[in-house]
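Spelled out from the first residue to the last, the chains are:
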Amino acid sequence: MVKIVRYGPKGQEKPGLVDSEGQIRDLSGVVSDITTEEVRLSKLKVLKDINPATLPLVEGQQRFGVPISNIGKIIAIGLNYADHAAESNLPVPPEPIYFTKAITSLCGANDDVIKPRDATKLDWEVELGVIIGKTMRYVDQKDALDHVAGYVLVNDVSERAFQKERGTQWVKGKGCDTFCPTGPWVLTADEIGDPQDLDMFLDVNGVRMQTGNTRTQIFPVAEALAYVSRFVTLQPGDLVITGTPPGVGEGKKPEPIYLQEGDKIHLGVSKLGEQRQTVVPFSLEGLEIID
């Protein structure tokens, strides 16, 4: 299983592969970056056939950037697990609900999550992300997975007061800076196999908050992608995130639990690795985070 990554400081990421021992190997001699063009031309499959042992070893601890460098747009499926809908006191949707997240919400897998100015209800959501590989426009469900280049781990960070108490648009609470940690790596679709059998978890400060599996999605990946393609053209390199299982802070009983400055988030999806983030105070410094 070859894990495709981009590593290094913000704005200076290089392409790489993670080998079987968890070491990063430098891909710069093969490709200049992992861009939507590599996705469009199916070069990801070529890259994953490279033997990592033939590549230079990258020394030292490295930051993981977003594994695709110029993602075009982010579409997110909401309330896609029945038990999550129930904890949100909302009915199971008869059709997929979707919204967008701002491109500026993207950040590396282990980058800090910035608590926005005036935020009071900062929340977490572990999700399976899909990288589109071929243009999707009115695609049938049976053909939808043929348009997938790969899969990634995503934390759909949310601010519930912004989302639900300050107007009717969910995007207000979904698109803040650092609200879309993505990676650490992308696996090609053939490496994942069935996207409907992936375990998921999320911990806050060492306490398990979310446990789930993609098999309990209301709208499986293929159905969700086909549905979105009726309304929005999905292009190579676009990111679609597919909903979260129960256990978000908003749904905790007897009282909601929200993220505070200093909190540690740890999450993962089978085969797609793990993320670790720290919640930090708002600052205008260091916000040029698009990878």
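Residues numbered from 1 in each chain as written. Predicted model: local features only at pLDDT ≥ 70, side-chain atom pairs only at ≥ 80, totals over all residues. Heavy atoms only, no water.

A. Structural view of unusual backbone geometry. Here the amide bond leading from Gly 183 into Pro 184 is cis, since omega sits at 25°, within 30 degrees of zero. Looking at the secondary structure, you find Pro 184 in the loop between strand 12 (180–182) and strand 13 (187–188). A cis amide bond links Lys 253 to the next residue, Pro 254, at an omega of 5°. Among the structural elements, Pro 254 can be located in the loop between strand 16 (239–241) and strand 17 (264–269). The backbone of Asp 118 sits at a positive phi, close to 70°, despite the residue not being glycine. (Helix = DSSP H or I, 4+ residues; strand = E, 2+ residues; numbered from the N terminus.)

B. Layout of the environment of Arg 230. By secondary structure assignment, the location of Arg 230 is in the loop between helix 7 (221–228) and strand 16. In the structure, Arg 230 is positioned 93 residues away from Arg 137 in sequence and 6.3 Å away in space, judged by C-alpha atoms.

C. A look at the nonpolar core. Ranked by size, the top nonpolar core spans 51 residues in total, and within it Val 130, Tyr 151, Leu 202, Leu 225, Leu 234, Val 240 and Leu 272 carry the most contacts. Mapped onto this core, the elements with two or more residues apiece are strand 1 (3–7), strand 4 (74–78), strand 9 (126–132), strand 10 (148–155), helix 6 (189–192), strand 14 (199–204), helix 7 and strand 17. No other element matches the 6 residues that helix 7 contributes to this core. The contact partners of Leu 225, leaving out residues within four places of it in the chain, are Val 130, Ile 132, Met 136, Ala 144, Val 148, Leu 234 and Val 240. The next biggest cluster of nonpolar side chains, apart from the first, holds 26 residues, and it includes Leu 27, Leu 47, Leu 55 and Leu 239. (Core = buried A, V, L, I, M, F, W, Y, C linked by side-chain atoms within 4.5 Å. Buried < 20%, exposed > 50% of the residue type's maximum accessible area, 1.4 Å probe, protein only. Contact = heavy atoms within 4.5 Å.)

D. View of the sheet that holds strand 7 (residues 113–114). The 5 strands are arranged 7-18-17-14-15 in an open sheet whose pairing can be described as mixed. Each end of this open sheet is capped by a strand with a single partner; those strands are strand 7 and strand 15 (207–213). (Pairing = 2+ DSSP bridges.)

E. Structural detail: empty space enclosed by the protein. Applying the stated criterion to the full structure yields 1 cavity of 30 Å³ or more. What the largest cavity holds in volume is close to 100 Å³. Lining the largest cavity are 18 residues, with Leu 79, His 84, Glu 125, Arg 160 and Trp 170 sitting closest to its centre. Within the residue set of the lining of the largest cavity, elements represented by two or more residues are strand 4 and helix 5 (160–164). In terms of residue count, the dominant contributor to the lining of the largest cavity is helix 5 (3 residues). A breakdown of the residues in the lining of the largest cavity according to their chemical character gives 5 nonpolar, 6 polar and 7 charged. (1 Å grid on protein atoms, 1.4 Å probe; cavity = no way out; pocket = protein on both sides within 12 Å on 5 of 7 lines; lining within 4 Å. Points joined across faces, edges and corners; volume = space filled by probe spheres on them. Nonpolar A, V, L, I, M, F, W, Y, C, P; charged D, E, K, R; others polar.)

Function-wise, these values are silent; they only describe arrangement.
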